[in-house]
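# Chains, contacts and geometry: an overview
Take a look at the letters that make up each chain.
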Amino acid sequence: MKSEFEVAFNEIAELRALPRDTVLEALRTALISAYRRDAGIGQSQRVEADVDLDSPRPRINILVEKEVVEDVQDRRTEVDLENARYYTPEAQLGDMVMVRADNTTKNFGRIAAQTAKQVILQKIREAERNSLMAEFSEREGDLVNGTVQSVNANMVTLSLGRTEAVMMRNQQIPGEKYKPHDKLRVYIVEVKKTNRGPQIVVSRSHRNMLRRLLEYEVPEIYNGQVEIKNIAREAGYRSKVAVAALQEGIDPVGACVGMRGNRIQNIVKELHEEKIDVIEWSPNHEVFIAKALSPARVSGVYLDDDPDAGRTAVVIVPDDQLSLAIGREGQNARLAAKLTGWRIDIKSVTEAVQEALDNLGKPPLKDVRNQQAELLGEVSRIMEKRSLGRAVMPEEYTLLGKFADLVQRKQIAAREAARQQRLAEIAALRATLPQAAFQMPVTTLQLPDNIIEALQPLGTVGEIMLRYLLDENHLRRLLHDAPAESLRRIQDALDQIVFPENPPVEAAAAAEPGQPAPAVEAMPDDFDLARRGKVAGKDDAFAPVAFDEDFEDDGTGLDKSGKKGKKKKGRQLVYDEKAGGMVVKRQRKRGRGDWDEWDDN
C-alpha cells in the first residue's frame, strides 16, 4: 500500500504534467532550504537531501558537511572522529565529511516548514513554465484548439488547457464574433518568454492558418504530392492560393477543392465563410497572372521588368470583365498582385485601344499608321461607332482586341531595348563599387534592427550602395516604416565601412600563375553617397580609393598634415583565415596617440 507521502508526490507530478525527477529535485531543494533556515547555517556549508521513494516506507535523510575535530564545540559545523568514521571509515582529524543532520524534518519549526512550502511551490511553478515553454515553442506555426475565456475590445483570451493564449484585435477575423466558452481553432504565431511564464500569441487572420488548414484537409498536400506555392489572404473576405502538382497525373486544384467541393467548404466554414480561390501555379508569368485574376477572363498579359520601377504587368481584359477583374474596392487585383509578386495594371480592351489611338504620333507607335493602315481604319470606325452608342458586334470586339495586342507588344519591345541599355549602365556602375561589398551581408552595417530588417531584401552591402546611387526612392519605399532620418543613418553606416587592401586567400589563389593577385578595393574616407552621380558612366561616380593606413585620430579630427578630416571609427573589416570569412576588428585606444593592436570584436 502506498504511503500518503508517495500518493501526494504522484498527484503533484500528474496534475502539473511534470516528470517525477523534476518534482523530486524540487523537493530536495525545498528540504535543503528548510534545514538551513531551521539550523541557521549559511550558504557556504554544503547540505544534501536524500529522498528514497522506492522503499516500502519513504525515507528522507539530510546530510551536512562538517569538520572532523577532537573536541566538538559547535555541533552544526563540527563532528567527532567516531561519528565521522561511521559515515566515512577513512576519515581523519581535520577532514570535511558528510554526516547525517541531527534535526529531522519532524523537528522543523513553523518558519522552516513554511520556507519548504514556498520553495517547492516556486520550483514546481518554474519547472511548469519551462515545460510549457518547451512544449509550445515546438508547436509554433501549428494549429491548436482553444476555449474562449474572456473577450474585450483589444484581445480575446483563450484557454489551451494548461495555459492561456491571447489573440489581439489585429489577429482576429473581421466580422467574427467571440463569446465565452466558444471553441476555436487558432494558429500559434509566437511564443514569448516572460517572467510570468510563456505568453502565447495566436491568430485566425494569419495566412499560414489557411496553409495549415489545407494541409489537414487535403491529404495530397500533407503527403507532398501537391505543393502550396503562395497564399494571398485578406482575412474574412477573400483568399487566393497557388498550388502545383509534384507528382505526375494529379490535378492540384481538384485535389484541394475535393469532390463536390467538400474539402474547400470545410475550410470556408472554419474561416467564417471566407471565399477561397484555388489557382494552379505556372512557371510562365503571363499564364500565372491570367489565372490569378480569376474568375475574370483575360485577353492578354504583357510583362515589363523594369530594373528601377520594378516588375509591372499590363493586363487587358474584355470590357464586360473589367469590374470583375478589379474586384470590390480593388480586392481581386490586389490579391493577384500579392500572389504573383507583380504590380498589375488592368485595362479594358477599349481603354487600351483609345490610349493607343491618342498616342499614334509618338514612338514607338509612329509606324503603326503606315504598316497597319487597313486595321487602323477598321479600329477607328468601331471606336467611333461605340462612341455614338451603337451596338458593337462580338467580331468587332475581337478586332479591337487584336489591335490592342499589337500595340502592347510594340510598346513592350521598345521597353525591352531600353531595359537592356539600363542593365548595361547598372553593370558598369556595379563594376566601380568595391566588389567585396557584394559579399557582405546587410547585418554588417551598424544600424538599428528595424532598418536592417527593412534592407534585408537587398541582401548585401553592395546592393545597398548600388541602389543608393541608382534610385533613392527605392530605398525610401523599403524604409516606409522606418524613421525619417533612416537614409542619413544608412549613408553614415556605409561611410564607416573599411575594406581590406589585401585580397582574401581565395582571391590570391585564383590569380593566374606568374600574375599579380587581383586587388581588393577599399572604401575611401570621403565616400559621400549623397554627392555622387546618379547615372552610371559619369566621371563623378564612385571610384575606389585606397585606405590611408597612416591616418591617426588624436581626438582633434585633424590628419597628419593638419587638415580637417572626417573622424574615422575604430573598426575595420578584415579577412580571417581561421573563420573563413570577413570579421570585424576594433582598434582599442589606451591614451592620446597610443593605439593598441586590432582586437577581435
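Residues numbered from 1 in each chain as written. Predicted model: local features only at pLDDT ≥ 70, side-chain atom pairs only at ≥ 80, totals over all residues. Heavy atoms only, no water.

### With respect to the packing of aromatic side chains
All told, the structure shown has one aromatic pair when counted by the stated rule. For the ring pair Y86 and Y87, a centre distance of 5.1 Å and an interplane angle of 90° mean the geometry is edge-to-face. A relative accessible area of 68% places Y86 in the exposed class. Cation over ring: K229 sits above W281, and NZ or CZ is 4.4 Å from the ring centre. (Phe/Tyr/Trp six-rings, centres within 6.5 Å; stacked < 30°, edge-to-face > 60°. Buried < 20%, exposed > 50% of the residue type's maximum accessible area, 1.4 Å probe, protein only. Lys NZ or Arg CZ within 6 Å of the ring centre and 35° of its normal.)

### Considerations on the nonpolar core
Counting residues in each nonpolar core, the largest one holds 39 residues, and the members touching the most others are L214 and I276. Counting residues in hydrophobic clusters, the runner-up holds 30 residues, among them L429, L445, L447 and L494. (Core = buried A, V, L, I, M, F, W, Y, C linked by side-chain atoms within 4.5 Å.)

### As for the environment of D182
Its location among the elements puts D182 in the loop between β7 (164-168) and β8 (183-194). Here D182 falls in the partly exposed class, since its relative accessible area comes to 21%. For the pair formed by D182 and L158, sequence separation is 24 residues and the distance between their alpha carbons is 9.2 Å. In this view, D182 contacts G146, T147, V148 and K177; residues no more than four positions away in its chain are not counted. Within the structure, D182 has its side chain in polar contact with the backbone nitrogen of K179 (distance 2.9 Å). (Helix = DSSP H or I, 4+ residues; strand = E, 2+ residues; numbered from the N terminus. Contact = heavy atoms within 4.5 Å. Polar contact = N/O pair within 3.5 Å; in protein donor to acceptor, adjacent residues only side chain to side chain.)

### Comments concerning helix α17 (residues 461-470)
With ten of ten residues buried, α17 is to be regarded as a mostly interior element. For α17, every residue scored as buried is listed here: V461, G462, E463, I464, M465, L466, R467, Y468, L469 and L470. Structurally, α17 contributes buried residues whose contacts are with α15 (394-432), α16 (449-455), α18 (472-478) and α19 (486-496).

### Concerning the sheet that holds strand β15 (residues 343-348)
Backbone-to-backbone hydrogen bonds pair the strands of a sheet. The strands run either parallel or antiparallel. Taking strand neighbours across the sheet as the criterion, the three strands line up as β13-β14-β15 in an open arrangement whose pairing is mixed. Looking at strand neighbours, the two that pair on one side only are β13 (300-306) and β15, the edges of this open sheet. In this sheet, adjacent strand axes meet at a mean angle of 20° when their direction is disregarded. Relative to β15, strand β14 (residues 310-317) runs parallel, the two being bridged by six bridges. Looking across to β15, one finds that V317 is bridged to S348. Contacts from helix α9 (residues 285-292) reach β13, β14 and β15 within the one sheet, and its direction differs from that of β13 by about 120°. (Pairing = 2+ DSSP bridges. Axes fitted to C-alpha atoms, helices over the stretch in contact; angles between N-to-C directions.)

### Here we look at the environment of M167
Residue position: M167 is located in strand β7. Note: C-alpha distance between M167 and V186 (19 residues apart in sequence) is 8.8 Å. In contact with M167, not counting residues within four places along its chain, are N154, M155, V156, L158, Q172, Y178, L184, V186, V202, S203 and R204.

### Concerning the pairing of β7
Summarising the sheet, strand β6 (residues 155-159) and β7 pair through five bridges and their orientation is antiparallel. When the bridges of β7 are listed, L158 appears paired with A165. Taken together, β6 and the strand that follows it, β7, pair antiparallel across an intervening segment of four residues, in which G161 is found at a positive phi of about 105°. As paired strands, β7 and strand β9 (residues 197-203) are joined by two bridges and run parallel to one another.

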